[in-house]
Number of protein chains: 6
Amino acid sequence: MTNLDAYRIAKEPFYRSVGGEVGLFEAAYRSRMPVMLKGPTGCGKTRFVEHMAWRLGRPLITVSCHEDMTASDLVGRYLLDAEGTVWHDGPLTLAVRQGAICYLDEIVEARQDTTVVIHSLTDDRRILPLEKKNEVVKAHPDFQVVISYNPGYQSVLKDLKESTKQRFAAIPFDYPEAAGEAEIVMREAGADKSTAEALVRIGARSRNLKGRGLDEGASTRMLVNAALLVAAGVPIMEACQVALVIPITDDDDLRDALTGAIAACV
Amino acid sequence: MTNLDAYRIAKEPFYRSVGGEVGLFEAAYRSRMPVMLKGPTGCGKTRFVEHMAWRLGRPLITVSCHEDMTASDLVGRYLLDAEGTVWHDGPLTLAVRQGAICYLDEIVEARQDTTVVIHSLTDDRRILPLEKKNEVVKAHPDFQVVISYNPGYQSVLKDLKESTKQRFAAIPFDYPEAAGEAEIVMREAGADKSTAEALVRIGARSRNLKGRGLDEGASTRMLVNAALLVAAGVPIMEACQVALVIPITDDDDLRDALTGAIAACV
Amino acid sequence: MTNLDAYRIAKEPFYRSVGGEVGLFEAAYRSRMPVMLKGPTGCGKTRFVEHMAWRLGRPLITVSCHEDMTASDLVGRYLLDAEGTVWHDGPLTLAVRQGAICYLDEIVEARQDTTVVIHSLTDDRRILPLEKKNEVVKAHPDFQVVISYNPGYQSVLKDLKESTKQRFAAIPFDYPEAAGEAEIVMREAGADKSTAEALVRIGARSRNLKGRGLDEGASTRMLVNAALLVAAGVPIMEACQVALVIPITDDDDLRDALTGAIAACV
Amino acid sequence: MTNLDAYRIAKEPFYRSVGGEVGLFEAAYRSRMPVMLKGPTGCGKTRFVEHMAWRLGRPLITVSCHEDMTASDLVGRYLLDAEGTVWHDGPLTLAVRQGAICYLDEIVEARQDTTVVIHSLTDDRRILPLEKKNEVVKAHPDFQVVISYNPGYQSVLKDLKESTKQRFAAIPFDYPEAAGEAEIVMREAGADKSTAEALVRIGARSRNLKGRGLDEGASTRMLVNAALLVAAGVPIMEACQVALVIPITDDDDLRDALTGAIAACV
Amino acid sequence: MTNLDAYRIAKEPFYRSVGGEVGLFEAAYRSRMPVMLKGPTGCGKTRFVEHMAWRLGRPLITVSCHEDMTASDLVGRYLLDAEGTVWHDGPLTLAVRQGAICYLDEIVEARQDTTVVIHSLTDDRRILPLEKKNEVVKAHPDFQVVISYNPGYQSVLKDLKESTKQRFAAIPFDYPEAAGEAEIVMREAGADKSTAEALVRIGARSRNLKGRGLDEGASTRMLVNAALLVAAGVPIMEACQVALVIPITDDDDLRDALTGAIAACV
Amino acid sequence: MTNLDAYRIAKEPFYRSVGGEVGLFEAAYRSRMPVMLKGPTGCGKTRFVEHMAWRLGRPLITVSCHEDMTASDLVGRYLLDAEGTVWHDGPLTLAVRQGAICYLDEIVEARQDTTVVIHSLTDDRRILPLEKKNEVVKAHPDFQVVISYNPGYQSVLKDLKESTKQRFAAIPFDYPEAAGEAEIVMREAGADKSTAEALVRIGARSRNLKGRGLDEGASTRMLVNAALLVAAGVPIMEACQVALVIPITDDDDLRDALTGAIAACV
């Protein structure tokens, strides 16, 4: 059996709890209830699930979903590998057999039909039929499915099926409040307090532009990038251009608006 | 021959009969008539077919249908497995040979052309030609096809062909009435009676919002999830948010409406 | 050479002739003229071709056509099977070599390009080139192509090419007249005469709703299903709901109209 | 080298010349000029090319083109066959090497990109590069490309590229004039003269309906089918329904118009 | 290493220079600058590149581009051939390694993504990474890329990417002027001077109809075809119909216009 | 382990710094921050990344992205090569293991789902899961991801996902200012100063036509091409036609405008 040690989180991942999300997740995990993490880009969903996997002592198998992911990519297939033809468990099957948390990141990117393979794992059956092997895998008692979902991305064409959504409890996520976000920026980028607070103010301003030309405001991750550039000697105005402005828009008016907001905050 | 023991239902699955559906299914099974289970998400269709398989003592082979399912996924193929190249019966062929009930869940997701392979099994021929093997499998006397169908999902682009529909007797399903649903919530989540009844009232309210912004109301499964969170110590208002509200809508007005309904019921 | 015994019809399939269709088919078969059976779902086209195959003493190879059927699915391919790599005749090639009737059911579902492979078999050449084998198979003198075609399914996007249509003689089919249909219902479901006649009246009523909301009326097959449920002890009103109403429409008004028609007939 | 005897036309195919088409083809063949046969369905293009192949003593390799035909289907590929992995010349390559006439029937059905492989064969280069084999095949001196093209089928979406069209000399085809067509019907179906003449009149009438609801009128092939049914004892009115009317239209008005025309001609 | 002798042009291909195109090409070749030949169908682009390859003493590898050409078709792949699994250089890689001119005919037909593989060969890097082999092939000093491009074919949907276009120097081509074109017709078809001149006049007339119903006028190649038919004894009016009129239009008015033009010129 | 020497830049690539881009890149590289190079075609992005790879002493693995690039093309796959079936690292995995800079050129051409594989490499996880091998590769400390992005190419249908964009710091690029561009033209093409300056003036003029018919103005690369043709003896007016005008537009008015601009500058 494949050893899942590579999927264990050795060191506690830093996570600053915002509300009751740690407790809610633990409550859901008690009955191995499938959990959906809902929130915008870069607000900490991935970090949270790593933190919970560490806290609960479970290996974490993450799958970045995409449009061309097939059911076999999740479940497994016969592969010609160096030892000849052998069955190869996919990441989902690995998690099911050995009791990992399986985290399907941005599940809405996957085709609805691929999503269907988790149905028998997310109701009381908790089984995964491997049709090509004529095997029905019963889920390990510790196995849990977690998915992430960014409400800003859905559309009529691309959304989870109602029969998928209804299988999950959903924990909402958002950017951390100011003090918390500044703490994260200081910690991750080694920034001093005033730089971190200025960047957090800039982040808040950019998020106000969401829906007025911007798809999303600057994420905490972008603030950390700006702080890292500052730490490497780049002046803060230029660091903000490179880390916060130029990556997210090519529109001159929006760039001016963002630049004005930055100038007002530093 | 592959042993179907993995597909037998060892323990009676709890099922609370609503109308005459158990008797109707048994009547249809007498002549092995193909059966379509029609109803909304999470109202118990899968549980019902498991119950009937147990009751009739037949193995149950479930296939979650999806858009990329090919005829070979159902029927079988030559596979390179660990023993070399061997023919591998698909789940449908297994069921046909050995007299299982084959349950095609959400069949409307499958491409119409895949659906076509069940045609010769659902009229008086009851045969399955395996063209790649030059074999014509005559169905085992106990074999039956069951499909599920959610009327809320159909569209002009995605519906069963008339020539498929006309092969099936259809048993309608809906959410259980209040007392029955409360009993299910108590049983599945270990909830006390008043919590269960409150949740059932909430479920009924949410179903009234169907068509007024919601695609579907909260299923019985979601009520069970809420009760499980309550049992794990989450306050009922928060448990309902996480289990019933946030998963199904990102619309603020709908969330407010649902939250008001919940407050009125607890 | 593959033995076609599995494709022979051992027992006379019951078929109640409606007009001169048996004679017409025999006349066409005399010059092995390709034949198209035209008519609605479930009116007996498949049964007719089985009857004719039995009558003419020819094996019958039926292919349910679908959108993903490739030319190779019809003609054959090199396959890795248990004996290694061998050429495998497809169902059409089998029929061509050994003089079977090849019945392509719902041919309009196949892609036009797949249909093209029958062209050289349906003019005076009567050959099938197997390009991958560098073999030109001359059709067995008894080989004949039969196709079915449901005029209700055609659309601008999906129709036979003119150059395909013009290769066929076409025999029209429709539901049997009342007495004949009642006889079929009695025979197939073991129904008594008055039940059978009531069901046939119901069928006629439902066919009048075609084009007024229904895609097609209830087929003879559905009437047999209703009769089988009655024979198993289901009351006739309920049996009609399950076998005739619920499978074909989810529209409340149409269901009411059908229910009214049923009540008036039993 | 594969023996092309299977592709030789042993017996003179009956062909009744209409205009100077035999001479034109011979003139084009003198310089191995690529030839396009242009005309409606079933007017004798395929028969003509068979006749010319016989007349010129060349083997004839016919490919029915379709939308999924790939360049490899024409040119060849490495195949796993019973002797292991071997290169397998496609039909075009066979013709190029050994000097056959290669007839690409309904070429407009093929994807434009597949058509491209004939470009280097239809200008003065007369070579076919087999890229997978690193071989450049110089065309046999007797090799010629012939294509058929039905002007009624073209559309903006599906037409030959200008750079393909300009490589061909085009010979126009149409239905034979009345006396000639009657002679064909008599010869092919063993019909007597008055039946043949009646059918030819019917054919002419149906062709007048082209563009007024009919995509194409009845082809000579359909007239032969009607005559064959008459010869098998079917009354002429019924034979015409089965062979000429029902196959080409489901429109009641058109059927009435055709039926009237038939009644007026017999 | 594969021998490229099959790709060498043994005999000087006849080419009648129009303007300074020979000198321009030689100037571009001096720095191995990528060259684009721009012009209508059949005006001599292919002949020109053959002539230049002969003149410069380089082997010429021509690839007719099409929509389904993959990067592997150009670059190479592991193939199962008669000797087992071996890497097989594609035509582009062959040319890169051994210093051939690689001519990508009608490159706009290829998918933009396939075109991308020439990018690293058409800037100062002059390398071709074979990712599947972990090999980076440095281009032979004599290697050059040449592409053809017909401005009449482009559309919004199908055009070269700006970042591809900007890598090429472009040499414009057009039909030869009258005397030159007559000389070509005489030489290629063995026509006498007055026939050749008449055909050239006809060609000029047809090119005036471009944009007035015709996609392109008659190419020089078509004039040669007409002359060849005349040489084989076909009267010039009929030869022009077959070689110049019927292949390019099915529109009666355009055919009349062309026929009138022909009558006026002979 | 594959030797990356083929991917090392042996000789300093000439790069004329425009603003602070070298310093910014070095600052970003200090924390191995993912970098996006934003700018128009042919302005030096590729040259810049080569220069930086040389400067930082890292191997550079460049991938030209395209629409059909799959995740396996980046990550690797089991391949049948000459030694049998072996795992083959893709270019991204090679870079991840051995600490190269991986440059994904024109990433927006790749399908969004392919882009997803870089997500776990561009946040603090810095891991690449090879699901087919059950291996989680931790990035070499020197590994960095660099992408290029041409703002002129994006559209609603084809853009980076917000969750991808937010992972990158972005350095803007544009054409060099006049003196710098002239220096490049002199250096790369061996042009004299006055020719170089004239060409640079022409380039500036053509860039003013962007948005007025031209998708993009002439790149520095095109100016170099023109200079190379001049160096090979082509008169400057003709060289500009061939290198700057004809490749980028077929519109007569635009060609006239460009020609006028050229005449005014030389």
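All values derive from a computational prediction rather than experimental measurement. (Residues numbered from 1 in each chain as written. Chains lettered and ligands numbered in written order. Predicted model: local features only at pLDDT ≥ 70, side-chain atom pairs only at ≥ 80, totals over all residues. Heavy atoms only, no water.)

What to know about the relation of the copies chain E and chain D
Test applied: Here the copies are superposed with least squares, the fitted atoms being C-alpha atoms of residues at a pLDDT of at least 70 in both.
Superposition of chain E onto chain D requires a rotation of 60 degrees combined with a translation of 0.0 Å along the rotation axis, giving an RMSD of 0.0 Å. Classification of the inter-copy transformation places it as that of a six-fold axis.

Thoughts on the interface of chain B and chain C
The line we're drawing: In what follows, a contact means two residues having at least one pair of non-hydrogen atoms within 4.5 Å. Values labelled buried area give the accessible surface lost by two parts on being combined, using a 1.4 Å probe and summing over both. When a carboxyl oxygen of Asp or Glu lies within 4 Å of a side-chain nitrogen of Lys or Arg, that pair is called a salt bridge. The definition of a polar contact used here is a pair of N or O atoms within 3.5 Å, where within protein one atom must be able to donate a hydrogen and the other to accept one, and adjacent residues in sequence count solely through side-chain atom pairs. A run of H or I in DSSP counts as a helix once it spans at least four residues, and a run of E counts as a strand once it spans at least two, with each numbered from the N terminus.
Of the residues lining the interface, 35 residues belong to chain B; the matching set on chain C comes to 48 residues. Surface buried jointly by chain B and chain C totals about 3700 Å² across both partners, of which 54% is contributed by carbon and sulfur atoms. Summed over the shared surface of chain B and chain C, the result is 2 salt bridges. For the pair chain B and chain C, the interface holds 7 residue pairs in polar contact (both at pLDDT 80 or more). Sorting elements by how many residues they give to the side of chain B that touches chain C places helix α1 (residues 21-30) of chain B first, with 4 residues.

Considerations on the arrangement of the chains
Nothing in chain A touches chain C, and the closest approach of their C-alpha atoms is 14 Å. If you take every C-alpha in chain D and every C-alpha in chain F, the smallest gap between them is 14 Å, and the two do not touch.

Remarks on the packing of aromatic side chains
Quick note on the threshold: Stacked, edge-to-face and tilted labels apply to pairs of Phe, Tyr and Trp rings (six-membered ring for Trp) whose centres lie within 6.5 Å, assigned for plane angles under 30 degrees, over 60, and everything in between, in that order. Whether a charge sits over a ring depends on NZ of Lys or CZ of Arg being within 6 Å of the ring centre and within 35 degrees of the ring normal.
Summed over all chains, the structure comprises 18 aromatic pairs over all chains. Taking NZ or CZ as reference, arginine 32 of chain A lies 3.9 Å from the ring centre of tyrosine 29 of chain A, over its face. One Lys or Arg, arginine 207 of chain E, reaches over the ring of tyrosine 175 of chain E and ends 3.7 Å from the middle of that ring.

Brief notes about the pairing of strand β6 (residues 127-130) of chain C
A regular strand places its side chains so that they alternate between the two faces of the sheet. Residues and elements named next belong to chain C. The line we're drawing: Two strands are said to pair when DSSP picks up at least two bridges between them.
Taken together, the 4 bridges between β6 and strand β7 (residues 135-138) define a ladder with antiparallel strand orientation. The residue of β7 that forms the bridge with leucine 128 is valine 137. Turn length for the β6-β7 hairpin, with the two strands adjacent in sequence and antiparallel, is 4 residues, and the turn residue asparagine 134 shows positive phi of about 50 degrees.

Points about the sheet that holds strand β5 (residues 101-105) of chain A
Residues and elements named next belong to chain A. Inclusion rule: Here, axes are lines fitted to C-alpha atoms. For helices the fit covers the stretch in contact, and angles between N-to-C directions go from 0 to 180 degrees.
In spatial order, the strands read β2-β5-β8-β1-β9; together these 5 strands make up an open sheet with parallel pairing. Unpaired on one side and paired on the other, β2 (60-64) and β9 (169-172) mark the two borders of the sheet. Ignoring which end each strand starts from, the neighbouring axes of this sheet average 20 degrees apart. Relative to β9, strand β1 (residues 35-38) runs parallel, the two being bridged by 4 bridges. Across the sheet, the residue bridging to leucine 37 is isoleucine 171, located in β9.

Brief notes about the packing of helix α10 (residues 236-245) of chain D against helix α11 (residues 252-265) of chain D
Residues and elements named next belong to chain D. What counts, and what does not: Any angle that falls under 35 degrees is termed roughly parallel, while one over 145 is termed roughly antiparallel, one within 65 to 115 roughly perpendicular, and all others oblique. In this scheme, a crossing is called left-handed if the near helix is turned counterclockwise away from the far one by less than a right angle; it is called right-handed if the turn is clockwise. Three classes are used: nonpolar for Ala, Val, Leu, Ile, Met, Phe, Trp, Tyr, Cys and Pro, charged for Asp, Glu, Lys and Arg, and polar for all others, with Gly counted as polar.
Contact geometry of α10 with α11 gives a least axis separation of 11 Å together with a crossing angle of 135 degrees. By the angle class used here, α10 and α11 are oblique. The handedness of the crossing between α10 and α11 is right-handed. Of the residues in α11, those in contact with Met237, Cys240, Gln241 and Val245 of α10 are Arg255, Leu258, Thr259, Ile262 and Ala263. In the contact of α10 with α11, the residues fall into 6 nonpolar, 2 polar and 1 charged.

Looking at the confidence of the model for chain A
To be explicit about the condition: Each residue carries a pLDDT score, the predictor's confidence in it, ranging from 0 to 100.
Of the residues in chain A, 94% reach a pLDDT of 70 or more, and the chain-wide mean stands at 89. Overall fold confidence for the complex sits at a pTM of 0.81, while the interface term, ipTM, reaches 0.86.

Let's talk about the interface of chain E and chain D
Taken together, the contact between chain E and chain D spans 48 residues of the former and 35 residues of the latter. Together chain E and chain D conceal approximately 3700 Å² of surface at their shared face, both sides included; 54% is due to carbon and sulfur atoms. In this structure, the connection of chain E to chain D is made through 2 salt bridges. In this structure, the salt-bridge partner of arginine 47 of chain E is aspartate 124 of chain D, at a minimum N-O distance of 3.3 Å. Scanning the region where chain E abuts chain D turns up 7 residue pairs in polar contact (both at pLDDT 80 or more). Mapped onto the side of chain E that touches chain D, the elements with two or more residues apiece are α2 (45-56), β2 (60-64), β3 (76-81), β4 (84-89), α4 (91-98), α9 (220-231) and α10 (236-245) of chain E. Here the side of chain E that touches chain D takes 6 residues from α9 of chain E, the largest share from any one element.

Topic: the environment of serine 219 of chain F
Position of serine 219 of chain F relative to the elements: it lies in the loop between α8 (193-208) and α9 (220-231). Sequence separation of serine 219 of chain F and glycine 44 of chain F is 175 residues, and the distance between their C-alpha atoms is 9.2 Å. Contact partners of serine 219 of chain F, with chain neighbours within four places excluded, come to Gln166 of chain E together with Thr41, Gly42, Tyr175 and Arg207 of chain F.

Details of the domain arrangement of chain A
All names here are of chain A. Inclusion rule: Each domain span listed reflects an automatic or database assignment of domains.
The assigned domain composition of chain A is domain 1 (5-172) and domain 2 (178-265). Between domain 1 and domain 2, the C-alpha centre-to-centre distance is 32 Å. Counting residues at the interface gives 8 residues for domain 1, matched by 9 residues for domain 2. When domain 1 packs against domain 2, the two sides together hide about 760 Å² of surface, and 50% of this comes from carbon and sulfur. The largest share of the area that domain 1 buries against domain 2 comes from Phe14, Arg16 and Gly42, three residues that together contribute 65% of it. Here arginine 16 and glutamate 183 are joined by a salt bridge, their closest N and O atoms 2.9 Å apart. Remark: the boundary between domain 1 and domain 2 carries 3 residue pairs in polar contact (both at pLDDT 80 or more).

Quick notes on a negative patch on the surface
All names here are of chain A. The condition that has to hold: Distance thresholds for patches are 9 Å for like charges and 5 Å for nonpolar side chains (Val, Leu, Ile, Met, Phe, Trp, Tyr), applied to residues having over 30% relative accessible area and no salt bridge. Note that accessible areas follow from Shrake-Rupley with a 1.4 Å probe, and for residues the cover is restricted to the protein chains shown. Positive charges come from Lys and Arg alone, negative charges from Asp and Glu alone, with His and the N- and C-terminal ends not counted. Where a charge lies is defined by one atom per residue type: Lys uses NZ, Arg uses CZ, Asp uses CG and Glu uses CD. Using a 1.4 Å probe on the protein chains alone, a residue whose accessible area is under 20% of its type maximum counts as buried, one over 50% counts as exposed, and one in between counts as partly exposed.
Together, Asp251, Asp252, Asp253 and Asp256 line one region of the surface with negative charge. Counting through the fold element by element, aspartate 251 comes out in the loop between α10 (236-245) and α11 (252-265). For aspartate 251, a relative accessible area of 36% corresponds to the partly exposed category.

Section: helix α11 (residues 252-265) of chain C
All names here are of chain C. Operational definition: For a helix, the expected span equals 1.5 Å multiplied by the residue count minus one. What the arc describes is the spread of directions from the helix axis to the C-beta atoms.
The first and last C-alpha atoms of α11 sit 20 Å apart over 14 residues, in line with the 20 Å expected at 1.5 Å per residue. Among the residues of α11, Leu254, Leu258, Ala261, Ile262 and Cys265 are the ones counted as buried. Along the axis of α11, the buried residues cluster in a sector spanning 100 degrees; they form a single face. α11 presents Asp252, Asp253, Asp256 and Ala264 as exposed residues on the side facing more than 90 degrees away from its buried surface. Tucked inside the fold, the buried residues of α11 contact α8 (193-208) and α10 (236-245). Structurally, the start of α11 carries an N-cap: the backbone nitrogen of aspartate 253 is 3.1 Å from a side-chain oxygen of aspartate 251.

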